[in-house]
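Coordinate analysis (summary)
Read off the chains here:
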Amino acid sequence: MSVRVRYAPSPTGYQHIGSVRTALYNYLYARRMGGTFLLRIEDTDRKRLVPDALQDIYDTFAWLGFRWTEGPDVGGPHAPYFQSERLQAYQARAEELISKGRAYRCYCTAERLEGLRKQQEAGEGADPSAQGYDRHCRSLPESERKALEASGTPSVVRLAVPLEGATTFTDALLGEITVENRAVSPDPVLLKSDGFPTYHLGVVVDDHLMEITHVMRGQEWLPSAPIHFLLYRAFGWEPPAFCHLPTIMGKDGHKLSKRLGATSVRDFRAKGYLPEALLNCIAMVGWSFDGQRELFTLNELEELFSLERLNKSPGVFDYEKLDWFNGMYIRSRSRSELAALIAPWLAQAGLPSADAAVLEGVAGLVQERVKTLAEVPAMARFIFEEPAAPAAGDLVPKKGDAASAITALQRLRDLLPSLDGTAEESEARLRALAEELGVKLGDLLMPLRVAVTGSRVSPPLVESIRVMGAEAARRRTDRAIEILKTSIGR
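Keep in mind that this is a model prediction, so the values were computed, not measured.

As a further point, take the overall build of the protein. Tallying secondary structure elements over the protein gives 19 helices and twelve strands in all. Taken over C-alpha atoms, the radius of gyration comes to 32 Å for the protein, far larger than the 23 Å a tight globule of 490 residues would show. Expressed as lengths along the three principal axes of its C-alpha atoms, the size of the protein is roughly 110 × 50 × 40 Å. Out of the 490 residues belonging to the protein, those deemed buried represent 47%. A separation of at least 24 residues holds for 76% of the contacts in the protein among residues at least 6 apart in sequence. Carbon and sulfur atoms provide 51% of the accessible area of the protein, an area that totals close to 23500 Å². Counting 60 positive and 64 negative side-chain charges, the protein places the averaged centre of each group 2 Å from the other.

Given below as structure tokens:
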């Protein structure tokens, strides 16, 4: 049988690290096994839908560079499946379970259920198995049931969980798991009063009808697994193979959350991370190839991924590691590729547009120095805009004085046009000048660095001057000389 897997997000929030890893692992497994990867939008929780969450799902796939390979004809090739367009299938299956005696209609009002909840919460020492729904409608007399139905009383459909015995299933990662039926959520709702399925009914019916062979999802769904296996048994269907993926934790040992930093893909994108870096980092949270290699392209992951290399223990999402991945991928880009990536960030920061040569020059200045694209505008702003006038004291080296700084800047000003040769030639000229003036090269260049870039810390100075042009550097140098002269009354 050909492998068929799915990613089934709910558009009730934005795509985050955990959901992307689930999508990625399903995609990689399908590619490795020559199977099919489909996208199913589980949009039946109508009250919690977020208006732009569906678009966020599409945008996430487009940005990360992989997508699903099957979908219904409606909406174009490879459109996703939508549960909200399949209501008749769930309703029919709910009626089937009722006819088999494996489910029943519940007419309890929201007020009764709320009162039951409060009563249970107030009870001390209560039997944990007695918590939750009390199965009030499970044994309603037929006459009362017919009367409620005739009166048009709203109802839901609940699964009749067996009161005895246990449910056993095998997980590809965790092994055999047995849960006593009395510990399963008592008679969960399958079909809501509005005709929409709950997660339990929708996921089981869809996975069966779509012939899903393997279900890979996070371990937060493990408590739902007994309910789903009971449903498969009630329908008489063969369940797919299950694999509950390890939990994603922060470095502090707690579940990953926004208090540690970004968690949604759109947040990482807005912070200047590259899609391949984020994918690479996510792939390593719970999976490893040989325990040593860490850098993988998407194509390489497609060839190497396997369930056997998943880890049982929780995986740690390390933000510092992501910075390292991102820096590595930034440095792997050609200057022209990086120039194209940084151009939107410069424009977003309000910096003037520049031609390809300048952008490639900026790319060369920052490539070895930034961890994210978001850092580029601040680092390169001086290329496009003249920095604020420096204070005279900032232009003087620690062991120097204003007069010697003026002399250094005047000599450097005259040398600027000749710094367009090779790096070796430029360095030789600067060292010769430093030797002539009897100062260290760093002390010679410090006033020029502040004059040109506005800071004592900057990208390589000579390369920066080449990118901005000698004329712009000369104007800034002249301004610095005048500031120093004014400070000593010349």
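Another aspect to go through is the environment of glutamate 337. Note on placement: glutamate 337 falls in helix α12 (residues 335-348). Along the backbone, glutamate 337 and glutamate 375 are 38 residues apart, and their C-alpha atoms lie at a distance of 17 Å. For glutamate 337, the side chain forms a polar contact with the main-chain nitrogen of serine 334, separated by 3.0 Å.

Time to look at the nonpolar core. Generally speaking, nonpolar side chains in soluble globular proteins are found buried as a group. Judged by nonpolar contacts, the single largest core of 101 residues is most densely connected at Phe37, Phe61, Phe66, Leu278, Leu310, Phe317 and Val362. Here the element with the most residues in this core is helix α1 (residues 17-33); it accounts for nine residues. If you look at the next biggest cluster of nonpolar residues, it comprises 33 residues, including Ile212, Val215, Ala234 and Phe242.

So, on to the sheet that holds strand β2 (residues 36-41). Across the sheet, three strands lie side by side as β1-β2-β3; this open sheet has parallel pairing. One side of each edge strand has no neighbouring strand; the edge strands of this open sheet are β1 (4-7) and β3 (81-82). Across four bridges, β1 lies against β2 in parallel orientation. Paired with arginine 6 across the bridge in β2 is leucine 38. Against the sheet, helix α2 (residues 53-64) contacts β1, β2 and β3, and its axis sits at roughly 155 degrees relative to β2.

Here the phi dihedral of aspartate 187 falls at roughly 45 degrees; this positive angle occurs in a residue that is not glycine. Positive phi, normally seen in glycine, also occurs at glutamate 211, with a value near 55 degrees. As for its placement among the helices and strands, glutamate 211 is situated in the loop between α6 (199-209) and β9 (214-218). Taking the relative accessible area as the measure of exposure, glutamate 211 reaches 54% and is therefore exposed.

Counted according to the given criterion, the structure contains 33 salt bridges. Two residues, aspartate 45 and arginine 48, come together in a salt bridge whose shortest N-O distance is 3.2 Å. Among the ionic pairs, glutamate 96 bridges to arginine 93, the shortest N-O distance being 3.1 Å. You can see glutamate 96 and its partner arginine 93 sitting in helix α3 (residues 87-99), three residues apart, about one turn around the helix. Arginine 93 gets classed as partly exposed once you look at its relative accessible area, which sits at 22%. One network of salt bridges, with partners in common, ties together Arg6, Arg40, Glu42, Arg86, Asp206 and Asp207.

Quick notes on the rules
- Residues numbered from 1 in each chain as written.
- Predicted model: local features only at pLDDT ≥ 70, side-chain atom pairs only at ≥ 80, totals over all residues.
- Heavy atoms only, no water.
- Helix = DSSP H or I, 4+ residues; strand = E, 2+ residues; numbered from the N terminus.
- Rg over C-alpha atoms; globule rule 2.2 N^0.38 Å.
- Buried < 20%, exposed > 50% of the residue type's maximum accessible area, 1.4 Å probe, protein only.
- Contact = heavy atoms within 4.5 Å.
- Areas by Shrake-Rupley, 256 points an atom, 1.4 Å probe, with all protein chains shown as cover.
- Lys, Arg positive; Asp, Glu negative; His and termini not counted.
- Charge placed at Lys NZ, Arg CZ, Asp CG, Glu CD.
- Polar contact = N/O pair within 3.5 Å; in protein donor to acceptor, adjacent residues only side chain to side chain.
- Core = buried A, V, L, I, M, F, W, Y, C linked by side-chain atoms within 4.5 Å.
- Pairing = 2+ DSSP bridges.
- Axes fitted to C-alpha atoms, helices over the stretch in contact; angles between N-to-C directions.
- Salt bridge = Lys/Arg side-chain N within 4 Å of Asp/Glu carboxyl O.

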